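Coordinate analysis (summary)
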Amino acid sequence: MSLKLTTYYQGNQVPELPGTNIFHSKELFLVYEATPNYEPILIVGSIDERPVVKLLAVTRKSTRLFPPSFIYRCEIYGIGEYLDDTLDQEEIFDEILEHLTNEMLSKSFLIEFRNLENSLFGYKCFRRNQYFPVNWLRVRNSIHSMKSPMDRISYSRRRQIRKGFKNGAQVIEAKNDEDIIEFSRMLKKNYSGKILKHFPSLLFFQRLVSKTVGIEIGKIFIVRYKNKIIGGSVCIFSDNNAYIWFSGGMKKTYAKQYPGVLAVWKTIEYAHANAYRHVEFLDVGLPFEKHGYRNFVLRFGGKQSSTRRWFRFRWKTLNNLLAKIYL
């Protein structure tokens, strides 16, 4: 097998490619490209001019309050999309991983693979390229059975949803720039650092729901109360699954409206109505016993499972030290 790897750095260079995984798509590449401090690359592997694998990675600049004042980190969701089931995926991944690592270590302080479907996939490939694993958790809601999503959630959560609507809250899809701008400002101001420390610019949200990328790949649901946005969620769709990327609300100021609860519930309700099989939360954290956000989302009826994230630091000394700790 002779695999030819081609790396694309600009959206106008990326050809139309087969595939259904949005995390390794041209559409998400264009969203990243339009977002300040984001720099995507798309690696395409071909055999005899036929694409057999795609892997999208993005380098983002993270500003910090303490030295170093900013760092560049490269993130990849999953291990790529494979377009030919007859080929050895791990053999292909080994080549594409080596290529990606050599490419990105010169630009990034850290490379991180997250949201792996199979935590055992590519173990030898990762270790051969000096990555180390950290145990992580995922929460996924199955919504494709005869049992409705409302029947799956806890009694207290059902009560909160009813009270939120009774107390005047409304949940709708963001339809215009004014809604998205107000939502972005609200969420950035009220977002908990315990969930994610990084928050993208307004252009990320505008581009995510814009049909100018070719197809609609995401939605923003907003919670309104007396003409003010008090909560919301951002979701993205891939294959038969919906993923909640960001969610939150002004729960202290508007406790009786339960904005954070309604924002998540609307995404689950929409996904069920549109025949998606699962709703997954993209970041529920390390496997600590006490984790506020993870405990919050589990009450919507999802199941918790164990997975891994793989890390590679540019500094060899630091990377080797952490590898000894986590291996």
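Coordinates for the structure precede this section.
This report concerns the structure included in the present document.

Cut-offs used in this document
Residues numbered from 1 in each chain as written. Predicted model: local features only at pLDDT ≥ 70, side-chain atom pairs only at ≥ 80, totals over all residues. Heavy atoms only, no water. Helix = DSSP H or I, 4+ residues; strand = E, 2+ residues; numbered from the N terminus. Rg over C-alpha atoms; globule rule 2.2 N^0.38 Å. Buried < 20%, exposed > 50% of the residue type's maximum accessible area, 1.4 Å probe, protein only. Contact = heavy atoms within 4.5 Å. Areas by Shrake-Rupley, 256 points an atom, 1.4 Å probe, with all protein chains shown as cover. Polar contact = N/O pair within 3.5 Å; in protein donor to acceptor, adjacent residues only side chain to side chain. Pairing = 2+ DSSP bridges. Patch = residues over 30% accessible without salt bridge, like charges linked within 9 Å, V, L, I, M, F, W, Y side chains within 5 Å. Salt bridge = Lys/Arg side-chain N within 4 Å of Asp/Glu carboxyl O. Lys, Arg positive; Asp, Glu negative; His and termini not counted. Charge placed at Lys NZ, Arg CZ, Asp CG, Glu CD. Disulfide = S-S within 2.5 Å.

So, about the overall build of the protein. Secondary structure summary: the protein contains 10 helices and 13 strands in total. The C-alpha atoms of the protein give a radius of gyration of 20 Å, which matches the 20 Å a tight globule of 327 residues would have. The principal-axis extents of the C-alpha atoms in the protein amount to approximately 60 × 40 × 40 Å. Looking at the 327 residues of the protein, the share that counts as buried comes to 54%. Taking the intrachain contacts of the protein between residues at least 6 apart in sequence as the baseline, contacts between residues at least 24 apart amount to 71%. Total accessible area on the protein stands at roughly 16,200 Å², and carbon and sulfur atoms take up 50% of it.

Right, let's get into the side chain of Arg-60. With respect to the element layout, Arg-60 can be found in strand S3 (residues 50-63). When its relative accessible area of 7% is taken as the criterion, Arg-60 is described as buried. Engagement of the side chain of Arg-60 in a polar contact is seen with the side chain of Glu-75, the distance being 2.7 Å. Not counting residues up to four positions away in its chain, the partners in contact with Arg-60 are Asn-37, Tyr-38, Ile-71, Tyr-72, Arg-73, Glu-75 and His-198.

So, about the pairing of strand S13 (residues 303-313). Sheet topology note: the strand S6 (residues 110-114)/S13 ladder contains 4 bridges and is antiparallel. Within the sheet, the bridge partner assigned to Ile-111 lies in S13 and is Arg-312. Alignment of strand S7 (residues 132-142) against S13, held across 9 bridges, turns out to be antiparallel. The residue bridging Pro-133 from the neighbouring strand is Trp-310, located in S13.

Quick look at a negative patch on the surface now. Where like charges cluster on the molecular surface, the negative patch consists of Asp-88, Glu-90, Glu-91, Glu-95 and Glu-98. Mapped onto the elements of the fold, Glu-91 is located in helix H2 (residues 89-104).

Attention now goes to the state of the cysteines. Counted by the stated rule, this structure contains 0 disulfides. With no disulfide of its own, Cys-74 lies closest to Cys-125 among cysteine sulfurs, the gap being 17 Å. Residue classification places Cys-74 among the buried positions, given a relative accessible area of 0%. You can call Cys-125 buried: its relative accessible area is 3%.

Before going further, it helps to examine the side chain of Asn-21. Relative to the elements of secondary structure, Asn-21 occurs in the loop between strand S1 (4-8) and helix H1 (26-34). A polar atom in the side chain of Asn-21 sits 2.9 Å from the backbone nitrogen of Phe-23. Once you skip the residues sitting within four places of it in the chain, Asn-21 turns out to touch Glu-81, Ser-238 and Asp-239.

With that settled, the discussion passes to a nonpolar patch on the surface. A cluster of nonpolar side chains, contributed by Leu-321, Ile-325 and Tyr-326, occupies part of the molecular surface with about 320 Å² of accessible area. Looking at the element boundaries, Leu-321 is found in helix H10 (residues 316-326).

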